[in-house]
Amino acid sequence: MNKLVTTMLLAGLIGMLPLAQAAEPAKVSGGMLTGSDGMTLYTFDKDVAGDGKSACTGPCAEKWPPLDAPAGAKPTGDFTIVTRDDGTHQWAYKGKPLYFWSNDKAPGDKTGDGVKQVWHVAKP
């Protein structure tokens with residue numbers, strides 16, 4: 001392989017690194033799980049870990065948007081994917097689907113923790 005082709009291949013591979021990092025479903029920040037944008041993630045007590053479903057649909061999902069898993073996403077480590085009733089996919093952590101709270105306005109907000117005693121900040 002000549003030097004130009006090798007350089008182009010390496011540049012292409014290096015250019016793909018940020019895409020691989022962006023595919024992570026969540027990160028740990030301040031002892032809790034957050035989305036890639038730093039917004040707090042939550043779990044719902046009515047979800048049964050490991051059943052592959054979300055109990056938060058319809059109006060619930062409007063207030064508690066799911067952490068969407070894009071097409072082609074693959075489970076990794078403690079993160080799995082559940083199929084929602086509408087056919088979309090959602091990330092789960094240790095079997096529990098993950099959600100955002102529509103009333104959180106800035107990264108680090110966790111105003112959904114304890115709502116109706118069934119919503120909790122997701123922790124690693």
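Residues numbered from 1 in each chain as written. Predicted model: local features only at pLDDT ≥ 70, side-chain atom pairs only at ≥ 80, totals over all residues. Heavy atoms only, no water.

This part takes up the sheet that holds strand E6 (residues 96-97). Read across the sheet, three strands follow the order E4-E5-E6 without closing on themselves; strand pairing throughout is antiparallel. Where the open sheet ends on each side, the last strands, each with one partner, are strand E4 (79-83) and E6. Here five bridges tie E4 to strand E5 (residues 89-93), and the two strands are oriented antiparallel to one another. The partner of Val 82 across the bridge, within E5, is Gln 90. (Pairing = 2+ DSSP bridges. Helix = DSSP H or I, 4+ residues; strand = E, 2+ residues; numbered from the N terminus.)

Tracing the chain through its elements places Lys 96 in strand E6. Ignoring any residue separated from it by four or fewer positions in sequence, one finds Lys 96 in contact with Thr 43, Phe 44, Asp 45, Asp 47 and Ala 49. (Contact = heavy atoms within 4.5 Å.)

The next point concerns the nonpolar core. Among the nonpolar cores identified, the biggest contains 12 residues, and these are Ala 26, Leu 33, Met 39, Leu 41, Leu 67, Ala 69, Phe 79, Trp 91, Tyr 93, Leu 98, Phe 100 and Ala 122. Counting residues in each nonpolar core, the second largest holds 11 residues, with Met 32, Phe 44, Cys 56 and Val 118 among its members. (Core = buried A, V, L, I, M, F, W, Y, C linked by side-chain atoms within 4.5 Å. Buried < 20%, exposed > 50% of the residue type's maximum accessible area, 1.4 Å probe, protein only.)

Keep in mind these numbers describe shape, not what the thing actually does.
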